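# Close look at the chain arrangement
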There are 2 protein chains.
Amino acid sequence: MEPDAAAAIGARLRATRQARGLSLGTLASRARVGKGSLSELENGARNPTLSTLYALAGALGVPLSTLLAERGGAEVTSPGIGARLLDATRHPDGTTVEVYLLHLDPGARHVSTAHGPGVVEHLLVTHGRARAGVTGREIEVGPGQTAVWQSDADHGYQALGRSAVEAVLTIRSPSREPGQAG
Amino acid sequence: MEPDAAAAIGARLRATRQARGLSLGTLASRARVGKGSLSELENGARNPTLSTLYALAGALGVPLSTLLAERGGAEVTSPGIGARLLDATRHPDGTTVEVYLLHLDPGARHVSTAHGPGVVEHLLVTHGRARAGVTGREIEVGPGQTAVWQSDADHGYQALGRSAVEAVLTIRSPSREPGQAG
DNA sequence: CAGTATTGTTCTGTATATGGAACAGCGCGA
DNA sequence: TCGCGCTGTTCCATATACAGAACAATACTG
């Protein structure tokens, strides 16, 4: 297998567990999995079995595919910028929604030309500060704040200050316009 | 594990293999997996390892999540409400961010008691209309709009009108307060 | 400060998943 | 009828994932 696929899944496992506020021991006992197994698994030092994966996903209340990081692995769009597609759904009425997890290195900047009409982007900053929006009308957003813009004009986002930016970027395209990360 | 989860995955495996017109032996050798292992695996008499699953999925040219039985495992939190965790990350500074894909049946309503201080929730509606926010101060949002609230007070969201609501819910918790979907 | 949880780690014997060999059931050509 | 190539199955020795215990390192509590 990919040498670090186990590591990736372990990291996701740990992240989800901690996000739930669970200790390693409690999750292990809830999932009826050995504490040691879970520890080594989170550290990527194991090649888990389908049964243990199911058990852990079940105890976390998460579909197993969530733990299987393999959704379009970290796509690097520009230097200093990483975007990971979390989900892309197409509603029956044709609108598509893409959800990205975005990482901007300090100072990184991304600009994009206009998309089709009606495309709306939401940038929800979870760490650091950023400037985002249509070119010339950017606004500044910090953790827990969202910038929204219509991307039918040139637009972009950039990291402010000296710390990296983590954000959730959602792109909603009304009809058949394919969304691009940015 | 669920007794038939292995059987389900085995069936899918066999189906995709045959759809590719591959014999058991050729797939086994391409994936560098024992013939016997693959046979028993397809018959549901095995509890495969992540590495063998990856190897087989890779040789079939299929994302692993395709082979997993639980496609689109929607977690049902309340009747008429489905939430699927897309991602849960914990930043080094301790803040955790959870991103959910949310589905509300027409008229469905969800209320939640107060979480710890500093928790911020963002509800980005991608389809339908919803009312969301702190109890008594809800706002109405439609496609492409976001409702934001501090969830240190009772809060909730509900679908308006006669169509279902699709949304992206992001919960940002500053310290170690475990986030709950809602 | 000790005393006591509670954390996550490393260790160990056992169960089992693994690759490969041996096996059986075909179709086909001579 | 053989023989040969193919199919997929069952068997076996070995590697390893497993549960749990024993451990260490960090908190609370008196």
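To keep things clear, this report deals only with the structure shown in the data block. Source: prediction; values computed, not measured. (Residues numbered from 1 in each chain as written. Chains lettered and ligands numbered in written order. Predicted model: local features only at pLDDT ≥ 70, side-chain atom pairs only at ≥ 80, totals over all residues. Heavy atoms only, no water.)

## Looking at the protein's contact with DNA strand D
We apply this condition: Proximity is defined per residue: any heavy atom of the residue falling within 4 Å of a molecule or strand makes that residue near it. Polar contact is the term for a pair of N or O atoms within 3.5 Å; when the atoms are in protein, one must be able to donate a hydrogen and the other to accept it, and sequence-neighboring residues count only if both atoms are side-chain atoms. Segments assigned H or I by DSSP are reported as helices when at least four residues long, segments assigned E as strands when at least two residues long, and all are numbered from the N terminus. Charged means Asp, Glu, Lys or Arg here, nonpolar means Ala, Val, Leu, Ile, Met, Phe, Trp, Tyr, Cys or Pro, and polar covers whatever is left, Gly included.
Close to DNA strand D lie 20 residues; Gly34(A), Arg46(A), Thr52(A), Leu24(B) and Ser39(B) are nearest. Within 4 Å of the protein, the atoms of DNA strand D are drawn from sugar and phosphate moieties in a proportion of 62%. Ser37(A) places a side-chain nitrogen or oxygen 3.1 Å from a base nitrogen of DNA strand D. For the surface near DNA strand D, the leading source of residues is helix α3 (residues 35–42) of chain B, giving four residues. Classifying every residue of the surface near DNA strand D by side-chain character gives three nonpolar, 11 polar and six charged.

## So, the interface of chain A and chain B
Rules: Working rule for contacts: check all heavy atoms of both residues, and any pair within 4.5 Å makes them a contact. When two components associate, each loses some accessible surface as probed by a 1.4 Å sphere; the sum of these losses over both components is called the buried area. For this analysis, a salt bridge means a side-chain nitrogen from Lys or Arg found within 4 Å of a carboxyl oxygen belonging to Asp or Glu.
Opposite the 51 residues of chain A that make contact, chain B presents 51 residues. In total, chain A and chain B occlude about 4,200 Å² of area from one another, counting both sides; carbon and sulfur atoms represent 61% of this. Seen at the junction of chain A and chain B, the total is one salt bridge. Between Arg20(A) and Glu98(B) there is a salt bridge, with its nearest N and O atoms 3.1 Å apart. At the boundary of chain A and chain B, one finds 12 residue pairs in polar contact (both at pLDDT 80 or more). Elements with a contribution of two residues or more to the side of chain A that touches chain B: α1 (5–19), α4 (50–60), α5 (64–67), β2 (81–90), β3 (96–104), β5 (120–127), β8 (146–150) and β10 (165–173) of chain A. Looking at which element gives the most residues to the side of chain A that touches chain B, the answer is α1(A), with seven residues. For the side of chain A that touches chain B, the residue count by class is 23 nonpolar, 19 polar and nine charged.

## A short note on the sheet that holds strand β7 (residues 139–141) of chain B
Residues and elements named next belong to chain B. Spelled out, the test is: In this description, strands pair whenever DSSP reports at least two bridges between them. Think of each axis as a best-fit line through the C-alpha atoms, taken over the contacting stretch in the case of a helix, with angles from 0 to 180 degrees between the N-to-C directions.
Reading across from one edge, β4-β9-β6-β7 is the order of the four strands in this open sheet, with antiparallel pairing throughout. A single partner strand is all that each edge strand has here, and the edge strands are β4 (109–112) and β7. Ignoring strand direction, the axes of neighbouring strands in this sheet form an average angle of 15 degrees. Here three bridges tie strand β6 (residues 129–134) to β7, and the two strands are oriented antiparallel to one another. Each bridged residue has a counterpart across the sheet, and for Arg131 the counterpart in β7 is Glu140.

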